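# Chain and residue survey
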Amino acid sequence: MPVASSDELARSVIRRSALNSHTDVRSTHSAPVDSRDPETPSRVVVLASGSGTLFQALADAATGDFPACIAALVTDRDCEAEARAQRAGIECVRVTPRSYSDRAAWNHALTSVVDSYRPDLVVTAGFMRILGPEFLAAFPGKIVNSHPALLPAFPGAHAVRDALSYGVRVTGTTIHIVDEGVDTGPVLAQEAVTVGTDDSESSLHERIKAVERRLLVEVVAALVTRGVIIDGRKALIP
Ligand SMILES: Nc1nc2c(c(=O)[nH]1)N[C@@H](CN(C=O)c1ccc(C(=O)N[C@@H](CCC(=O)O)C(=O)O)cc1)CN2
Ligand SMILES: NCC(=O)N[C@@H]1O[C@H](COP(=O)([O-])[O-])[C@@H](O)[C@H]1O
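Quick notes on the rules
- Residues numbered from 1 in each chain as written.
- Chains lettered and ligands numbered in written order.
- Predicted model: local features only at pLDDT ≥ 70, side-chain atom pairs only at ≥ 80, totals over all residues.
- Heavy atoms only, no water.
- Near = heavy atom within 4 Å.
- Polar contact = N/O pair within 3.5 Å; in protein donor to acceptor, adjacent residues only side chain to side chain.
- Areas by Shrake-Rupley, 256 points an atom, 1.4 Å probe, with all protein chains shown as cover.
- Helix = DSSP H or I, 4+ residues; strand = E, 2+ residues; numbered from the N terminus.
- Buried < 20%, exposed > 50% of the residue type's maximum accessible area, 1.4 Å probe, protein only.
- Pairing = 2+ DSSP bridges.
- Right-handed = clockwise from strand over helix to strand, strands pointing away.

Time to look at the site of ligand 2. Surrounding ligand 2, one finds 14 residues, the nearest of these being Ser51, Thr53, His205, Lys209 and Glu212. Between ligand 2 and the protein, one listed contact pairs an oxygen atom with a backbone N or O atom of Gly52 at 2.8 Å. Considering ligand 2 on its own, with 450 Å² of exposed area, one finds that the protein chains cover 92% of that surface. Of all the secondary-structure elements, those providing two or more residues to the shell around ligand 2 are helix 2 (53-62), strand 6 (143-147) and helix 7 (201-226).

Attention shifts here to unusual backbone geometry. The amide bond that connects Leu151 to the next residue, Pro152, takes the cis arrangement and shows omega of 10°. Within the fold, Pro152 resides in the loop between strand 6 and helix 6 (159-166). A positive phi is found at Phe154, a non-glycine position, where the angle reads about 55°. Even without being a glycine, Asp183 presents a positive backbone phi close to 60°. Positionally, Asp183 belongs in the loop between strand 7 (170-177) and strand 8 (187-194). Look at Asp183 and you get buried, because its relative accessible area is 16%.

Among the 7 residues in strand 2 (residues 42-48), 7 count as buried, and that is most of the element. Alternating positions in strand 2 separate into two faces, Ser42, Val44, Val46 and Ala48 on one and Arg43, Val45 and Leu47 on the other, with burial throughout. In this sheet, strand 3 (residues 68-75) lies alongside strand 2 in parallel orientation, the contact comprising 7 bridges. Residue pairing in the sheet places Val45 in a bridge with Ala72 of strand 3. Between the parallel elements strand 2 and strand 3, the chain passes through helix 2 in a crossover that is right-handed. The pairing of strand 2 with strand 5 (residues 121-124) spans 4 bridges and is classified as parallel. In the strand pairing of strand 5, Val44 is matched with Leu121.

Structure follows, in structure tokens:
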């Protein structure tokens, strides 16, 4: 399955008919009443920029008894995640910043492409771009990120390297709601990973990713079936 450009997709995309009402991941104080037909899986769009092993974990889970399907992979660059999507038969669209006049135009195109898949949840899984206000407003409380550190420690694009450089003995992963800050959104789940004395950035990151792949699948399943209650900095999956 070829990787479509956002322009090609814009020409070809046919907005899907509204799905059955689904579990809505609300950023409110009341957990959603799940009126979605349990037989209709929720729709997840994954954003990625790299090797795509987290995307692969979600795609693999979705082939089994899983309450969500992966509606599409969206990338910002040529990356291994795209080949994974093609092998899995999952639609893939690349929205490249350099194809647009500025960041806002890129963010607008990204928002349109992702919205065309009518996601119940958007997962950034190694997506190395900061999502802008238009994107965040389009999917309020529905964007989830996996970060390879125990936030608020080591935010940003180089968390594993920064943790090693600092000399921490324990790091880990954080799954959080994405907000307008960078890695500042309410925390949904965390798990610690011990730093070995002989760890390199690569060896440590691989061990963190092994935890992320399991935790992300668990959290996505919980979110689409039970929703989330966001109250200030607290995010609770009931
Ligand atoms: N509005 C938000 N967008 C995103 C968040 C977030 O918390 N809020 N998380 C990121 C993922 N991420 C950490 O988990 C992250 C990714 C990238 C960067 C960063 O500084 N990117 C640079 C460019 C990097 C590059 O292109 O090589 C940039 O975008 O200018 C920081 C944190 C997903 N989006
Ligand atoms: N700050 C964002 C960030 O560093 N995200 C990290 O990119 C990796 C993607 O792995 P993958 O490409 O193998 O799925 C994951 O470790 C994820 O936490």
